[in-house]
Amino acid sequence: MSKSRRTARSVRILGVASASAALALGVAGTASACNISDFSAAATCEDGKGSIVVTDTDRAGTPAHISVYLQEDGTEKLIGEQDVRGTAQGASVTFAEDWQPGATYRIHVKAGNTLVDEDIKPNLVTPATACAPAAPGTPASPSESATPTPSDSASASAPAFEASPSPTAPSADQSGTAPAAAPANAPSADAGQRNLAETGADSRTGLIAGIAVALVVVGGGAVFFGMRRRGANGDS
């Protein structure tokens, strides 16, 4: 093979390799560039409230502007606009929206100068079921309420009979003391006995007086009869 033919062959091989490298670089650049497929949207619920969440997974982190529109009866209503910078894990922006079941939203994305300027396809259609209302707080159980239980109420209201002394049993102080004195104006037993003694109702004074009278009469009679008898003897 001549020298010129070997040179021409080498040039052709080099050209093919260069073209392959350029094509690979072009494909890689296109793959890493921001495009509409990096964006997604979803209708979500949180604490009973609806929202529209748009997620950007652009690895290059190209700043993007998101606009959300509600389509209803042939018209559109702007819900909100926000900026987002994508990441490999995904960066999200949330639009507070009390969406209705089966509603349609158009999400427009504009990123870079001319990289992306189009809508997310297809349009977002919300679920057929609305967001459930937030669950109310759990009420306190009866055991945690401040109302006292029957046992607690009974123990709090019942008198402490055990702590007070028995009304019939005398205490230690009372058992060792003298009985209470009778009132001053109440007649005592000694006074009654003295009154009976003074009136003779309960004594032998009457009996003694009767015997004394009888003895006096008998003595007087004896004297009388003795003197009369003596006088009779003197006359004879």
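On a predicted model such as this, the values are computed, not experimentally measured, just so you know.

1. Observations concerning the environment of Asp119
- Here Asp119 shows up in strand 7 (residues 116-119).
- Residues Asp119 and Val68, spaced 51 residues apart in sequence, show a C-alpha to C-alpha distance of 9.7 Å.
- In contact with Asp119, other than residues within four places in its own chain, are Ile36, Arg106, Ile107 and His108.
- Side-chain polar atoms of Asp119 contact the side chain of Arg106, separated by 3.0 Å.

2. Comments concerning the confidence of the model for the protein
- On average, residues of the protein score 73 in pLDDT, and 55% of them reach the 70 mark or higher.
- Here residues 21-31 is modelled with pLDDT under 50, and outside its nearest four sequence neighbours on either side it reaches zero contacts, counting other chains as well.
- Here residues 169-176 is modelled with pLDDT under 50, and outside its nearest four sequence neighbours on either side it reaches one contact, counting other chains as well.

3. What to know about the side chain of Ser51
- By the secondary structure assignment, Ser51 is in strand 2 (residues 49-56).
- Residue class for Ser51 comes out buried when judged on its relative accessible area of 9%.
- At 2.7 Å, the side chain of Ser51 forms a polar contact with the side chain of Thr44.
- Not counting residues within four places of it along the chain, the set of residues in contact with Ser51 comprises Ala42, Ala43, Thr44, Thr94, Phe95, Ala96, Glu97 and Trp99.

4. Notes on the sheet that holds strand 1 (residues 39-46)
- Taking strand neighbours across the sheet as the criterion, the three strands line up as 1-2-5 in an open arrangement whose pairing is antiparallel. Looking at the sheet topology across the chains shown, the edges are occupied by strand 1 and strand 5 (91-96). Pairs of neighbouring strands in the sheet enclose a mean axial angle of 25 degrees, with direction left out of account.
- The pairing of strand 1 with strand 2 spans eight bridges and is classified as antiparallel. Note on strand 2: the bridge partner recorded for Thr44 is Ser51.

5. Side note on the nonpolar core
- Phe39, Ile52, Ile66, Tyr105, Ile107 and Val109 are the most contacted members of the largest nonpolar core, which totals 24 residues.
- Among the secondary structure elements, those contributing two or more residues to this core are strand 1, strand 2, strand 3 (63-72), strand 5 and strand 6 (104-111).
- Once residues lying within four places of it in the same chain are set aside, the contact partners of Phe39 are Cys34, Thr55, Asp56, Ala64, Ile66, Val84, Val109 and Ile120.

6. Some thoughts on unusual backbone geometry
- In this structure, the amide linkage connecting Lys121 to the following residue, Pro122, adopts the cis form with an omega of -5 degrees.
- Position of Pro122 among the secondary structure elements: in the loop between strand 7 and strand 8 (124-125).
- Unusually for a residue other than glycine, Asp47 sits at a positive phi of about 55 degrees.
- Assignment of secondary structure puts Asp47 in the loop between strand 1 and strand 2.
- Even without being a glycine, Asp73 presents a positive backbone phi close to 55 degrees.
- Its location among the elements puts Asp73 in the loop between strand 3 and strand 4 (75-85).

7. Describing the pairing of strand 4
- In this sheet, strand 4 lies alongside strand 3 in antiparallel orientation, the contact comprising 10 bridges. Within the sheet, the bridge partner assigned to Glu72 lies in strand 4 and is Thr75.
- Between strand 3 and strand 4, which pair antiparallel in sequence order, lie two residues; one of them, Asp73, sits at a positive phi of approximately 55 degrees.

8. A look at the environment of Asp117
- Inspection of the secondary structure puts Asp117 in strand 7.
- Sequence spacing of Asp117 and His65 is 52 residues, and the spatial spacing of their C-alpha atoms is 9.5 Å.
- When near neighbours in sequence (up to four residues on either side) are disregarded, Asp117 contacts His108, Val109 and Lys110.
- Within the local environment of Asp117, its side chain forms a polar contact with the side chain of His108, the two groups lying 2.7 Å apart.

Parameters at a glance
- Residues numbered from 1 in each chain as written.
- Predicted model: local features only at pLDDT ≥ 70, side-chain atom pairs only at ≥ 80, totals over all residues.
- Heavy atoms only, no water.
- Helix = DSSP H or I, 4+ residues; strand = E, 2+ residues; numbered from the N terminus.
- Contact = heavy atoms within 4.5 Å.
- Polar contact = N/O pair within 3.5 Å; in protein donor to acceptor, adjacent residues only side chain to side chain.
- pLDDT = per-residue confidence, 0-100.
- Buried < 20%, exposed > 50% of the residue type's maximum accessible area, 1.4 Å probe, protein only.
- Pairing = 2+ DSSP bridges.
- Axes fitted to C-alpha atoms, helices over the stretch in contact; angles between N-to-C directions.
- Core = buried A, V, L, I, M, F, W, Y, C linked by side-chain atoms within 4.5 Å.

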